[in-house]
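Read off the chains here:
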Amino acid sequence: MKRPLDFKLYVITGENYHPGRGMLEVMEAALRGGADIVQLRDKMSPKRELIEKAKRLKELTAKYGVPLIVNDHPDVALAADADGVHLGQDDLPIEAARELLGPGRIIGISTHRIEQARAAERAGADYIGVGPVYPTGTKPGRKAVTTAYVAQAAAEIGIPFVAIGGITETNAEEVLWAGARRLCAVSAIVGHDNPESVCRNLLGKINAWHLGEQVALAESVSLSVPVSLSAPMPAPGDVREIDVVVNGRSERTQAATLLELAAEYKLEGRSVIAELDGAVVPRQLWGETPLQGGGSVEFVHFVGGG
Amino acid sequence: MLREAETEERYSRQIRFAPIGTQGQRRLGEASVLVVGAGALGASLAQHMIRAGVGRLRLVDRDYVELSNLHRQTLYDEEDAEAALPKAVAAAAKLRRVNGRARIEAFVADVDRRNAESLAADVDLVLDGTDNAATRLMLSDACFSRGIPLVYGGVAGSGGMTALLVPGDHCCLRCLLGEEETGSDGAPTCDTLGVISPAVEMVAALQAAEALKALTGNRSALRGTWLTLDAWHFAVKEWKLPPPVEPCPYCGWGESAAAARRELAEHGDSVRLSASGERAKEQNATEAALLGVRRAVAAEDVSIADRSESATGNALFGDDREAAKLIVLCGRDTFQLALKPSVSLSEWRRRLVAAGCAITADNRYLLRASTAAEERIVIFAEGRALIQGAGEPERAMEIYRHYLSDGTGREADETSVGF
C-alpha cells in the first residue's frame, strides 16, 4: 500500500544547465532548499550509465525522505529501485507502465491539454505535469499552454498536478494565481548558482498560496481576488503584540502600522489595495496608519483586465 | 418640437425613473463622455452610454476584433472578426445603428501620455475600459489634473472591481495603488486567468450606473466606495474611498500639492501637466489637432487618427516617435511597437508581400500579414504595429528588423527594447 502522493516543489535534473558542477551536488542543494520530489531526466546517457546515476541519486533522495522519479524508463526505475516513472505522451501508455511497475510505484505523465489530463486521470496516473506554462529551453519548439490550461486543470483534475515549463521566481505567483499548488522548475533551479535559495523562495510562495486557501475558506464569502498571505515571521524580543483580522482570519502581529503589516506579508512593490475597518487606505499613508487590536484589514489584488 | 417628442418617447421608461426624470435626461443629452478601450468593458460601457442617450461619446481603442473576443465583447460579431476591423471602428458602426442621434467619435489609437489629456480635455466623465494598470494611471493623472471624474473598472476570471473617483472628493488611483506602475507582479488579467462574460457585465453595469448618477446630477446617490465582486461565487464587498492625499500633485489640495505640481511642471515629465507656457501652446496645438480629427470624423462614416485624414492629427498621436519601442500588450503574446508613420498601408502591403508574407486582412484601417513561421504582423494606419504569436520579445524584435524596419537600417540601429 503506497502512501498518498503529495508534494509541492518538484525538481528535475538538467546537467546541461550546470556545467562544472556535479549533478548530485546540485540536487542536494535543491533538496536542502526543500524540493520534495526529484526526477532524473537524462536523454543522452546510455541506459547502463543512467541506471548508475539513478542509483546514486536514489541514495541521496532517500536520505532526505524524498521520492525519486525516473524519466521515460520504467526498467531503469526498477533497476535502481526508484519510486516511480514519468512518461511523455509518446512514451509507454500508463496501463503498460503500471503492469511493469506494479501498484506501489508512482506514475506521472506530461499533459499539454485538458483532454490528455482527463485521460491520464482515468488511466490511473498518480500525478500529471501541466505545461509548458511558458516557453522553455528544456522543451524547445513546444507551444506554451499558458496559465489558462493551469486554471482548467485546477478546476477539473482530481489527482495532484504540477505546473511546469519556464517557471521562475518571477512568474511563480502568476501560476499559483491560476490555481497551481505544485510547481516544477528545471533551469531556474539547477541553472542557478544557489539552487537552495531558489527552492526556498519558490516553496515560500507555494506555501503562501496554501495558506491563502485556508484564509479564503475561513471567510464567509469567497472572493476570487483575495491576496494570499504567508504566515508572518515573529521577530525575537519583547514587542507589543496585537490581534487583528487579516483577510477574514485572526492573526497575532507585532506590526504597529499598516505598512509594517503589509511588509510582514511581503506585499511591498505589489499592486495591492488595502482596506482597514471598512475604508481604503491610500498606499503612501500605510506607514502612518496605526494598527489597533481588533482591527480588520483586507488586502486585495488590483484587477488589471478589461 | 418633433425632436423633443421623439426624445420623450425614446427615453420614456428612463425618464419615468424618478431620479433621472426629464431634467436628468436633458443632462444626459448634453453630456460628453470618453470611453477608453473598446474591449469587453469598453464595448459594454459605450453601449450603456449610447442607449441611455449621452449626447457625445468619444471612444478610443488600439486593438482589432478577433474571434477570441466574441464570447464577451458584446458589440462585435463574426463579420467584424472576419474583416479584422479595429474595435473602435466596428463599435462606432454598431453604436450608430443603436442611436443615430448621438455624436460618436471613434479613434484607433494607443492612449499614451501625449494624448491622454487631450482626449479627456472636453468631456464630463471618463469611463475606464482599458486592460492594463499603466494606462489607468495615465488616465487618472489626466482626469485629476483636469477635475474630471473617472470610473475605474477591472475584470479577470469571474471577479472584478470598480470605483468612481471624483477629483476633490477622493484620492487618485496613483495614491491608491502607489507610485510604481503595476501589472508586472502577477496581478491577474484576462490573459492569465481567463474571463467570463457575466463578470464583465457586472462590472460594466456598476460602472455605467455610477456614470448615470454622476451625469444626471444625482451626486448624493453616488456609492463612494471601492467595490469588489465575484460573479461565480457570488460575493460583493465594498469599502469607503479615501479623501484626496494632501501633498499629491494630482489629487492634493494643500500648499505642498501646489509645490509638487510646480515641480512636476518645471522639472518633471512636462507632458503630465499643463502649467508652463510651452505646455499650454502644445495643448492648443493638440486641441486644434483633435478638432481637425473630429471634423474628419463628422465628415466620414468612421474615422481614425490618420495622417491622410487630418494633417494635424499626428500631433495628437505622437508622430515624433523615432525609435521602435517594444511594449508587451495584453498578456505575453502580443507586442506593440511604433513605426515610421510616413509609410502608407499600401506600401507596407507591397513590402510584406515582397518579403514573403501572406496578407490575411486588408482594410482602410489596418493590414494583417502572416510570416512564414505563421506569426502575425498587424499594421495600423496611424503608424503602429502589433506582432502576435512571436512568443519571446527577442523573436518579436527579429520580426521587426526583418519585416518592419524601413530598409535604410536607421530604425533598427535606434531600436530600444523597452518592456
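In this text, all values refer to a predicted model and were calculated from it rather than measured experimentally.

Each value, and the rule that gives it
Position labels on residues start from 1 in each chain and follow its written sequence. Labels follow written order: the first chain is A, the first ligand is 1, and so on. Whole-chain, interface and lining totals are the exception, using all residues; otherwise, since this is a predicted model, local features are given only for residues with pLDDT of at least 70 and side-chain atom pairs are given and counted only at 80 or more. Each helix is a run of DSSP H or I of at least 4 residues and each strand a run of E of at least 2, with the numbering of both proceeding from the N terminus. In this description, any two residues whose backbone-derived C-beta atoms lie within 7 Å of each other are considered to be in contact. Burial in this document is a count-based property: other C-beta atoms within 10 Å of a residue's C-beta are tallied, and the residue is buried at 20 or more, exposed at 12 or fewer, or partly exposed in between, with C-beta positions derived from the backbone. Axes here mean lines fitted to C-alpha atoms, for a helix over just the part in contact, with angles spanning 0 to 180 degrees between N-to-C directions. Oblique is the label for any angle not under 35 degrees, not over 145, and not in the 65 to 115 range, which are roughly parallel, roughly antiparallel and roughly perpendicular in turn. Crossing handedness: left-handed means the near helix sits turned counterclockwise from the far one by under a right angle, and right-handed means the same turn made clockwise. Side-chain classes follow a simple rule in which Ala, Val, Leu, Ile, Met, Phe, Trp, Tyr, Cys and Pro form the nonpolar group, Asp, Glu, Lys and Arg form the charged group, and the remainder, Gly included, forms the polar group. Here a nonpolar core is just a set of buried residues of the types Ala, Val, Leu, Ile, Met, Phe, Trp, Tyr and Cys, joined wherever their C-beta atoms sit within 7 Å. Predictor confidence is given residue by residue as pLDDT, running from a minimum of 0 to a maximum of 100. Multiplying 1.5 Å by the helix residue count minus one yields the expected span of that helix. Each pair of strands is called paired provided DSSP finds at least two bridges between the two strands.

A. Highlighting the overall build of chain B. Check the secondary structure of chain B and you find 17 helices and 14 strands. Long-range contacts, defined here as pairs at least 24 residues apart, represent 61% of the contacts in chain B between residues at least 6 apart.

B. Expanded view of the overall build of chain A. Scanning chain A from N- to C-terminus turns up 10 helices and 13 strands. Expressed as a percentage of its 306 residues, the buried residues of chain A come to 47%. Within chain A, residue pairs in contact and separated by at least 24 positions form 58% of the contacts whose partners lie at least 6 positions apart.

C. Fine view of the packing of helix 4 (residues 40–52) of chain B against helix 6 (residues 87–98) of chain B. Residue and element names in this part refer to chain B. Close contact between helix 4 and helix 6 brings their axes to 10 Å; oriented N to C, the two are set at 25 degrees. The angle between the axes of helix 4 and helix 6 places the two elements in the roughly parallel class. Judged by the twist between their axes, the crossing of helix 4 over helix 6 is right-handed. Facing Ala 43, Ala 46, Gln 47, Ile 50 and Arg 51 of helix 4, the residues of helix 6 in contact are Ala 91, Leu 95 and Val 98. When the residues that make up the contact of helix 4 with helix 6 are grouped by side-chain class, the tally is six nonpolar, one polar and one charged.

D. Region of the structure containing the nonpolar core. Ranked by internal contacts, the top residues of the largest apolar core, which has 205 residues, are Ala 163, Ile 167 and Leu 183 of chain A together with Ala 46, Leu 59, Ala 91 and Val 126 of chain B. When residues no more than four places from it in sequence are discounted, the contact partners of Leu 183 of chain A are Leu 9, Val 162, Ala 163, Ile 167, Ala 172, Val 175, Leu 202 and Ile 206 of chain A.

E. Quick peek at unusual backbone geometry. The peptide bond linking Gly 131 of chain A to Pro 132 of chain A adopts the cis configuration, its omega dihedral lying at 0 degrees. The topology assignment puts Pro 132 of chain A in the loop between strand 6 (127–130) and helix 6 (146–156). In this structure, Lys 266 of chain A takes a positive phi of about 55 degrees despite not being glycine. Among the secondary structure elements, Lys 266 of chain A is positioned in the loop between helix 10 (258–264) and strand 11 (272–276). At Ala 84 of chain B, a position not held by glycine, the phi torsion is positive, near 50 degrees. Considering the arrangement of structural elements, one finds Ala 84 of chain B in the loop between helix 5 (78–82) and helix 6.

F. Molecular detail of the interface of chain A and chain B. Taken together, the contact between chain A and chain B spans 33 residues of the former and 51 residues of the latter. Listed by contribution, the elements that provide at least two residues to the side of chain A that touches chain B are helix 6, helix 7 (172–177), strand 11, strand 12 (279–281) and strand 13 (296–301) of chain A. Of the residues contributing to the side of chain A that touches chain B, the split by class is 17 nonpolar, 11 polar and five charged.

G. Expanded view of the confidence of the model for chain B. Residues and elements named next belong to chain B. Per-residue confidence for chain B gives a mean pLDDT of 81; residues scoring 70 or more make up 77%. Scored below 50 in pLDDT, residues 408–419 makes 23 contacts in the model with residues more than four places away or belonging to other chains. For this predicted complex, the interface score ipTM comes out at 0.75, alongside a pTM of 0.63.

H. The arrangement of helix 6 of chain B in detail. Residue and element names in this part refer to chain B. Over its 12 residues, helix 6 runs 16 Å from end to end, which matches the ideal 16 Å to within 8%, given 1.5 Å per residue. Looking at helix 6, one finds that the buried residues are Lys 87, Ala 88, Val 89, Ala 90, Ala 91, Ala 92 and Leu 95. Looking at the buried side of helix 6, the elements it contacts are helix 4, strand 2 (56–61), helix 5 and strand 3 (103–108).

I. Seen up close, the pairing of strand 14 (residues 384–388) of chain B. Residues and elements named next belong to chain B. Counting buried residues in strand 14 gives four out of five residues, a clear majority hidden from the surface. In this sheet, strand 14 lies alongside strand 10 (residues 334–338) in antiparallel orientation, the contact comprising five bridges. For Phe 335, the partnering residue across the bridge sits in strand 14 and is Ile 387. Relative to strand 14, strand 13 (residues 376–380) runs antiparallel, the two sharing five bridges. Bridge pairing in strand 14 places Phe 380 opposite Arg 384. The hairpin turn running from strand 13 into strand 14, its antiparallel successor, is three residues long, and Gly 383 in that turn takes a positive phi close to 90 degrees.

J. The arrangement of helix 11 (residues 197–215) of chain B in detail. With 19 residues, helix 11 of chain B ought to run about 27 Å at 1.5 Å a step, and its terminal C-alpha atoms sit 26 Å apart, in line with that. Positioned one or two residues after helix 11 of chain B, Gly 217 of chain B has a phi angle of 80 degrees, which is positive.

K. The arrangement of the environment of Ile 359 of chain B in detail. Residues and elements named next belong to chain B. Among the secondary structure elements, Ile 359 is positioned in strand 11 (residues 358–362). For Ile 359, a count of 13 C-beta atoms within 10 Å corresponds to the partly exposed category. In this structure, the C-alpha to C-alpha distance between Ile 359 and Ala 369, residues 10 residues apart in sequence, is 4.3 Å.

L. Geometry of the packing of helix 7 (residues 113–120) of chain B against helix 8 (residues 133–146) of chain B. Residues and elements named next belong to chain B. Packing of helix 7 against helix 8 leaves a shortest axis separation of 9 Å and a crossing angle of 45 degrees. Here helix 7 lies oblique to helix 8, going by the angle between them. The handedness of the crossing between helix 7 and helix 8 is right-handed. The residues of helix 8 that touch helix 7, namely those facing Arg 113, Ala 116, Glu 117 and Ala 120, are Met 138, Leu 139, Ala 142, Cys 143, Ser 145 and Arg 146. Among the residues forming the contact of helix 7 with helix 8, the class breakdown is six nonpolar, one polar and three charged.

M. Structural context of the pairing of strand 12 (residues 366–370) of chain B. Residue and element names in this part refer to chain B. Where burial is concerned, most of strand 12 is hidden: four out of the five residues are buried. Across four bridges, the pairing between strand 11 and strand 12 is antiparallel. The partner of Asp 362 across the bridge, within strand 12, is Leu 367. In sequence, strand 11 turns back onto strand 12 through a hairpin of three residues. Inspection of the sheet shows strand 12 paired to strand 13 by five bridges, in the antiparallel sense. Its bridge partner lying in strand 13, Ser 370 is registered against Arg 376.

N. Here's a closer look at the confidence of the model for chain A. Residue and element names in this part refer to chain A. Of all residues in chain A, 88% have pLDDT values of 70 or greater, and the mean over the chain is 86. Per-residue pLDDT, averaged within each element of chain A, yields its smallest value for helix 9 (residues 195–218) (73) and its largest for strand 2 (residues 37–40) (97). Note that pLDDT drops below 50 for residues 214–225; the model gives that stretch 30 contacts with residues more than four away or on any other chain.

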